Structures are given as structure tokens and as C-alpha cells.
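Read off the chains here:
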Amino acid sequence: MEQINYSNCPSCGSADISFQLSAKDYTVSGEEFPIWACRVCSLRFTQQVPSQAAIGRYYKAENYISHTDTRAGFINTLYHRIRKRTLQSKEQLLKKYTGLSAGRLLDIGAGTGAFCRHMKEAGWHVTGLEPDEATRQRAQELHGLALLPAGELFRLPAQSYDAVTLWHVLEHVHALHEYLEQIRNVITPGARIFIAVPNYTSYDAEVYRQYWAAYDVPRHLYHFSPQAMEHLLKKKGLTLEATEPMWYDSFYVSMLSERYKNGKAGYAKAVGVGFLSNWKALFNRRRCSSVIYVIKS
Ligand SMILES: [Zn+2]
């Protein structure tokens, strides 16, 4: 299997990198992957990660949730219920920061298309990109959406989108720099980019350490802190305008983490950790389990 061994930080390029912890792939392979950290920009990243050509099989689990639409199981049910509610708040966020009630949206990593459909119904003109062919088909069946393959990003016309969204996507992208550069190309001057990623400096990440579900190795190539994200954005000529919390992620991630840590569901404990995590984030949004970065050029 082709794997990548970074000798420099994949974000800032520094050689000042070192081993941090080892995490296990609980969803698909059961394999362990080392997570390294950059001392300069504070990014953590998965080492010995499969190349883009080789990582496909690590997405093949029946229960890899963002790619399926199964409604079995408590956690899945909860996930789908909460997703409905978060669609509404994402729409509000786009309107608030773009100042538009409807505009042109590019959603990268659209999954089965729930957000694209929601925004379409809200009157937006929507382009959705999704790398997995079976998932694109599912989006067609479920929502009648014609999503485009991910590579189409590089064929989109310049300055043509008022909003670009990446909901838990950037941490999966091998071509990190190329993506951000092309996103910068396709946005209009007043546009906003919304990037949601997990935050390893959150309270729940601290509690669960190597069991923290949002490490999700090897699918998550990068593990951001707010500081690491800011460093990367600056390097790409982008400006961080605001950070917005994702309140539900702490509960969801804690529930999965409890299962990984103890081999069984620990709902009460997970709710407790999720609540404490949000409590801390209430006073400092940069500690939220997952953060939405609102970005302008
Ligand atoms: Zn770095």
C-alpha cells in the first residue's frame, strides 16, 4: 500500500515535527496510525497515511456515517435528527455573513446532498461536489441532485460563488493547498468560505486523548487547532473573520469516543463530557469540539 511519510508539516512546511500519540481506526480497519504535531503552526497530522489512490478502502465501512443514510441505532438516529436542525442554522450562518438571502453556493464534499437540497429549497443556486461515485448516485436517488466529482473543482469558472462550504471535509483532502488556492479563485470579492473541522484543543479531545473519535484515522489527514487553521489561512492569503461553534458535535463525538474507549455505549458519561465541553466553549469558542471558521479573501 502506498503511504505518505511526512518529513515536513503538510500545512506550514516546517521540519520541526514530532510524534504525539497513536490512534486506532475503529470504523473500518482496526489499524493504528501515528499522529504527529508541528511545533511551528500547531497542526497535528496522521503519519503513514494512505495515499489518495490507496485510501478508498478505508471509506468502505457500512457504518461510515456521512456516506450512508441508515437510520438504525441510537447514535445514527440522533445524528440524523440533529442534522436536520443544523441545516437550518447553517443556512442562517450563510445569510448572516454573506449578507445575501440567496446566492450562488459551492458545497465541497456534499455527501448524500442534504445540505445542497436544503439550500436549493431556500432559493440558492447550488453546485455540489462529492468524490465518491456511489454517494453521488445516492444523492440523485434521495434528493434528485446531480453532484459533480470532486476534481471538477479545478474546472469551475473564476469568481463565481458567493459562498463555499466545507462541512467536515478539509481534514480529508490530500491536496490541501491546491484546494484552498482554487477555492480562493472561484469566490466573488465579497464571498465567504465556511470551513468546519474538529478541534483537538477541545475539552472532549483532552478527555478522550487517543480514543477521541474525531481523530478518525486514517480518513482525517489533518487535526486542526484554531491556531493551526489561522496559520494556514494566512499563508493562503485568506482572512479569518469569525469562529462559530457547533454545539452538537461534542455530544456525538463523546458518544463515539466512549464506545471506542470502553467497548460499549456510555451515554450518561458522554453527555456529561459533551456538556462540559460546551460549557468551556461558551466562554471561549476556540475550545468547541468542532469549529466553523468563517473566512474572507
Ligand atoms: Zn506546521
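Summarised in this report is the structure supplied together with it. (Residues numbered from 1 in each chain as written. Predicted model: local features only at pLDDT ≥ 70, side-chain atom pairs only at ≥ 80, totals over all residues.)

## Examining the overall build of the protein chain
Heads up, the rule is: Think of it this way: any DSSP run of H or I at least four residues long counts as a helix, any run of E at least two long counts as a strand, and we number them from the N terminus. C-alpha atoms define the radius of gyration in this analysis, and the globule rule sets the expected value at 2.2 Å times the number of residues to the power 0.38. Two residues qualify as being in contact provided that their C-beta atoms, derived from the backbone, are within 7 Å of each other.
Scanning the protein chain from N- to C-terminus turns up 8 helices and 12 strands. Here the protein chain has a C-alpha radius of gyration of 18 Å; the compact-globule value for 297 residues is 19 Å, and the two agree. Long-range contacts, defined here as pairs at least 24 residues apart, represent 70% of the contacts in the protein chain between residues at least 6 apart.

## Here we look at the nonpolar core
Using the following cut-off: Working definition: the nonpolar core is a set of buried Ala, Val, Leu, Ile, Met, Phe, Trp, Tyr and Cys residues, joined through C-beta atoms within 7 Å. With C-beta atoms placed from the backbone, the exposure class of a residue follows from how many other C-beta atoms lie within 10 Å of its own: 20 or more, buried; 12 or fewer, exposed; in between, partly exposed.
Of all hydrophobic cores here, the largest spans 76 residues; its most connected members are Leu43, Tyr161, Val164, Phe194, Ile195 and Ala196. Counting residues per element, this core draws most heavily on strand β9 (residues 187-198), which supplies 7 residues.

## A short note on the sheet that holds strand β4 (residues 44-46)
Where we set the bar: For two strands to pair, DSSP has to find at least two bridges joining them.
Overall, antiparallel pairing links the 4 strands, which are arranged β2-β3-β4-β10 in an open sheet. Of all the strands in the sheet, the pair left with one neighbour each is β2 (17-24) and β10 (222-223). Here 7 bridges tie β2 to strand β3 (residues 32-38), and the two strands are oriented antiparallel to one another. Across the sheet, the residue bridging to Ser18 is Ala37, located in β3.

## Description of helix α6 (residues 226-235)
Of all the positions in α6, only Pro226, Ala228, Met229, Glu230, His231 and Leu232 are classed as buried. In this fold, the buried residues of α6 make contact with β11 (239-245) and β12 (290-296).

## A short note on helix α3 (residues 133-143)
This is how it is decided: What the arc describes is the spread of directions from the helix axis to the C-beta atoms.
Of all the residues in α3, the buried ones are Thr135, Arg136, Arg138 and Ala139. Buried positions in α3, seen along its axis, are confined to an arc of 160 degrees and lie on one side of it. With respect to the buried face of α3, the exposed residues turned more than 90 degrees away are Glu133, Ala134 and Glu141.

## Things to note about the environment of Gln159
Here Gln159 shows up in the loop between α3 and β8 (161-167). Aside from chain neighbours lying at most four places away, what touches Gln159 is Ile187 and Thr188.

## Here we look at unusual backbone geometry
For the peptide bond that leads from Val217 to Pro218, omega is -5 degrees, which places it in the cis range. When you line up the elements, Pro218 lands in the loop between α5 (203-208) and β10. At His168, a residue that is not glycine, the phi angle is positive and equals roughly 55 degrees. Within the element layout of this structure, His168 appears in the loop between β8 and α4 (176-186).

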